[in-house]
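Read off the chains here:
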Amino acid sequence: MQPAIEIRNLGKQYPLVTSQPYIALRDVISNSAKNFLKPGKKAKEKFWALQDINLDIMPGERVGIIGRNGAGKSTLLKIISRITPPTTGHATIRGRVGSLLEVGTGFHPELTGRENIFLNGSILGLKKIEIEKQLDAIIDFSGVEKFIDTPLKHFSSGMQLRLAFAVAAHLEPEILLIDEVLAVGDAEFQKKCIGKMEDISKNSGRTLLFVSHNLGAVRSLCNKVVYLQNGRIKGFGAIDTIIEQYLGDISSTQNKKAAKGNGNVTIESCRLLSGENETSELFLGYPAAFELKFTSKQDLKNIEVAFNIRNIYGDIVTHSTTLDNKIQFEAITNETLTVKASLLSINITPGVYSIDIFVLNNGE
C-alpha cells in the first residue's frame, strides 16, 4: 500500500525581512541615490522554516503534529495543501485534500456563506449535486444558518471558523488537514469539533493531520505524533513516547531561576503525591500534596509553603500557599527535614504544567 502522504527531503526557506520605521520621501530618494552608486546589492539573510523532512503517512492514519511556536508545523501543512511551494524536495499527496489552516482560508469575503460552501466544494473537485447533498448538514453543524446568505465579510472570526470547519468536515476529503482549530470558538463548538474529527478519523477511515498545542486533544484523536523542533523532525512514532520526549525537552530548556531569598533554606527534593503514592498526573477537583525535603541553616517558626503553577509557555496560571489551606507547621530546628503540605483541589484546564515551590519563614 502506498502512503497517503509521502514527503522526501522537504525544505522551506524564507528571507528575513526587517520592518522599517516611518520613512520620509527624502529618505527614499537619498537611499535610491546611495544604492545606485554602490557596486552591488547586499545579499538578504535567509532562514530555513523546514529542513530535511522525510515522512510517510499511510491511509487512515491519524497523525498529530506538535512542537513549539515557530517549529514549522503550519508551514508543513501549507506545503502539503499546496498553498505554498517547497524550496527543496517534494510532498506527494494521494487523495483529495480538505484543509482548515487559518480562519477564512479558501473563502471569498464578498460571497455569501452559502456561495462559499459551493466554492470550497468546487475547489475540492466535487460536483454541484454532491455539494447539495451535504448542504443542509453543513449549515446545521456550523450554527450560522441565520446568516448563511450574508456576505462572509460580515461574519465574525468565530462564525467563519464554524463554517470553514463544517465545510472541511462534511465534504468528505480523503485527507483532512487541521491547524489549531481549537484556538478559536466557544467551548461548545470545540467539543463538537473534537467529536466530528473523531468520527471522521476513527469511523470513516480518513487520513488526519492535526496540529495543536492541546496535547489532550492530540492523545484523544491521533495514533501517531510528529514532533518538530526548529524546522526538523525530532521524533515520530507512538503517542506516549513522543509526547514524553516533547515534554522532557520543554522541562529541560525552561528557564529555572532560583527564587531570591536569604539562603537559609534549601529545597533538596520535592514529590507530588496522590494519597501516599508519587505521581506526575493530577485529576481536577481532587486534593494533592507536596512532600518537601529541605535543609535549614536556622530554626524556623511558622513556615509557609507557596507555589506557582505555570503552563508550557512559562506563564503563571495560578498561585496558592499553605495559608490558603489554613495549614500551619510546628517550629522546625536546623537540620534536613521532610514535611508534607496538603493543597486545596486544583481547578485549571487539562494540560501539562510545571510547579515552582517556595519555603517562607514568617516567624520573627
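All chains use their own residue numbering, which begins from 1 and follows the written sequence. Local features in this predicted model are restricted to residues whose pLDDT is 70 or higher, and side-chain atom pairs enter the listing and the counts only when it is 80 or higher, whereas totals over whole chains, interfaces and linings include all residues. Hydrogens and water molecules were not included; the side-chain quantities draw on all heavy atoms of the structure.

Draft legend 1. Main features of the overall build of the chain. Comment: elements are numbered from the N terminus, with helices defined as DSSP H or I runs of at least four residues and strands as E runs of at least two. Of regular secondary structure, the chain possesses 8 helices and 16 strands. Residue exposure (1.4 Å probe, protein chains only): buried if accessible area is under 20% of the type maximum, exposed if over 50%, otherwise partly exposed. Taking all 364 residues of the chain together, the buried fraction comes to 40%. Partitioning the intrachain contacts of the chain with sequence separation of at least 6 by distance along the chain shows that 73% fall at a separation of at least 24. Method for areas: the Shrake-Rupley scheme with a 1.4 Å probe, in which residue coverage is limited to the protein chains shown. Approximately 20,800 Å² of the chain is accessible, and the part contributed by carbon and sulfur atoms is 50%. Here a residue-residue contact requires only that any non-hydrogen atoms of the pair lie within 4.5 Å.

Draft legend 2. Looking closely at the sheet that holds strand β9 (residues 232-237). Across the sheet, which stays open at both edges, the 6 strands sit in the order β5-β6-β7-β3-β8-β9 with mixed pairing between neighbours. Unpaired on one side and paired on the other, β5 (97-100) and β9 mark the two borders of the sheet. Strand-to-strand, the axes of this sheet are offset by a mean angle of 15 degrees, without reference to chain direction. In this scheme, strands are said to pair when DSSP sees at least two bridges between them. As paired strands, strand β3 (residues 62-66) and strand β8 (residues 224-229) are joined by 4 bridges and run parallel to one another. In the sheet register, Val63 faces β8, and the bridge partner there is Lys224. Simply put, an axis is a line fit to the C-alpha atoms, just over the touching stretch for a helix, and the angle between two N-to-C directions goes from 0 to 180 degrees. Lying over the sheet, helix α2 (residues 73-80) contacts β3, β6 (175-179), β7 (207-211) and β8, oriented at roughly 150 degrees with respect to β6. In the packing of helix α5 (residues 157-170) onto the sheet, the strands contacted are β5 and β6, and the crossing angle to β5 comes to about 165 degrees.

Draft legend 3. View of the pattern of salt bridges. Salt bridges are defined by distance alone: a side-chain nitrogen of Lys or Arg within 4 Å of a carboxyl oxygen of Asp or Glu. All told, the structure shown has 8 salt bridges when counted by the stated rule. With its nearest N and O atoms 3.1 Å apart, the salt bridge here joins Glu6 to Arg94. Of this pair, Glu6 sits in strand β1 (residues 5-15) while Arg94 is found in the loop between β4 (88-93) and β5, placing the two residues 88 residues apart along the sequence. What makes Arg94 partly exposed here is its relative accessible area of 31%.

Draft legend 4. Region of the structure containing the packing of helix α4 (residues 128-142) against α5. At a minimum axis distance of 8 Å, the contact between α4 and α5 shows a crossing angle of 140 degrees. Here α4 runs over α5; the crossing is right-handed. Contacts between α4 and α5 involve Gln134, Ala137, Ile138, Phe141 and Ser142 on the former and, on the latter, Arg162, Leu163, Phe165, Ala166, Val167 and His170. For the contact of α4 with α5, the residue count by class is 7 nonpolar, 3 polar and 1 charged. Take the far helix as the reference: if the near one is turned anticlockwise from it by less than a right angle, the crossing is left-handed, and if turned clockwise, right-handed. In this count, Pro and Cys sit with the nonpolar residues alongside Ala, Val, Leu, Ile, Met, Phe, Trp and Tyr, while Asp, Glu, Lys and Arg are called charged and the others, Gly among them, polar.

Draft legend 5. Quick look at the sheet that holds β4. Taken in spatial order, the 3 strands make up an open sheet running β2-β1-β4, and their pairing is antiparallel. The sheet is open, and its two borders are formed by β2 (46-57) and β4, each paired with just one other strand. Each adjacent strand pair in this sheet contributes to an overall mean axis angle of 25 degrees, direction not counted. Relative to β2, β1 is paired through 8 bridges, and the arrangement is antiparallel. Following the sheet pairing, Ile7 is matched in β2 by Leu55.

Draft legend 6. Spatial organisation of unusual backbone geometry. In this model, Arg82 sits at a positive phi of 70 degrees, which is unusual for a non-glycine residue. Turning to its location among the elements, Arg82 is positioned in the loop between α2 and β4. Phi is positive for Asn230, which is not a glycine, with a value near 55 degrees. Structurally, the position occupied by Asn230 is in the loop between β8 and β9.

Draft legend 7. Spotlight on the nonpolar core. Joining through side-chain atoms within 4.5 Å is the link that ties buried Ala, Val, Leu, Ile, Met, Phe, Trp, Tyr and Cys residues into a set, and such a set is a nonpolar core. One finds Ile66, Ile117, Leu163, Phe165, Ile178 and Phe210 to be the most contacted residues of the largest nonpolar core, which totals 47 residues. Ranked by residue count, the leading element in this core is α5, at 9 residues. By size, the runner-up hydrophobic cluster in this structure holds 24 residues, among which are Ile5, Leu10, Ile53 and Ile65.

Draft legend 8. Region of the structure containing the environment of His319. Its location among the elements puts His319 in strand β14 (residues 316-321). With 13 residues separating them along the chain, His319 and Ala306 place their C-alpha atoms 7.6 Å apart. Among all residues touching His319, those that are not within four sequence positions of it are Ala306, Phe307 and Asn308.

Draft legend 9. Up close: the packing of helix α3 (residues 113-123) against α4. Contact geometry of α3 with α4 gives a least axis separation of 10 Å together with a crossing angle of 130 degrees. Of the possible angle classes, the one that applies to α3 and α4 is oblique. Crossing geometry of α3 relative to α4 is assigned as right-handed. For the pair α3 and α4, contact is made by Arg114, Ile117, Phe118, Gly121 and Ser122 and by Lys128, Ile131, Glu132, Leu135, Ile138 and Ile139, respectively. Of the residues belonging to the contact of α3 with α4, the class tally is 6 nonpolar, 2 polar and 3 charged. Orientation categories follow fixed angle ranges, with anything under 35 degrees roughly parallel, anything over 145 roughly antiparallel, 65 to 115 roughly perpendicular, and all other angles oblique.

Draft legend 10. Structural detail: the side chain of Lys73. Structurally, Lys73 is set in helix α2. Throughout this description, a polar contact denotes any pair of N or O atoms lying within 3.5 Å of each other; where both atoms belong to protein, one of them has to be capable of donating a hydrogen while the other can accept it, and for residues adjacent in sequence the pair is counted only when both atoms sit in side chains. A polar side-chain atom of Lys73 sits 3.0 Å from the main-chain carbonyl oxygen of Gly67. In this structure Lys73 touches Ile65, Ile66, Gly67, Arg68, Val211, His213 and Leu228, once residues within four positions along its chain are discounted.

These results come straight from atomic positions and should not be treated as a statement about function.
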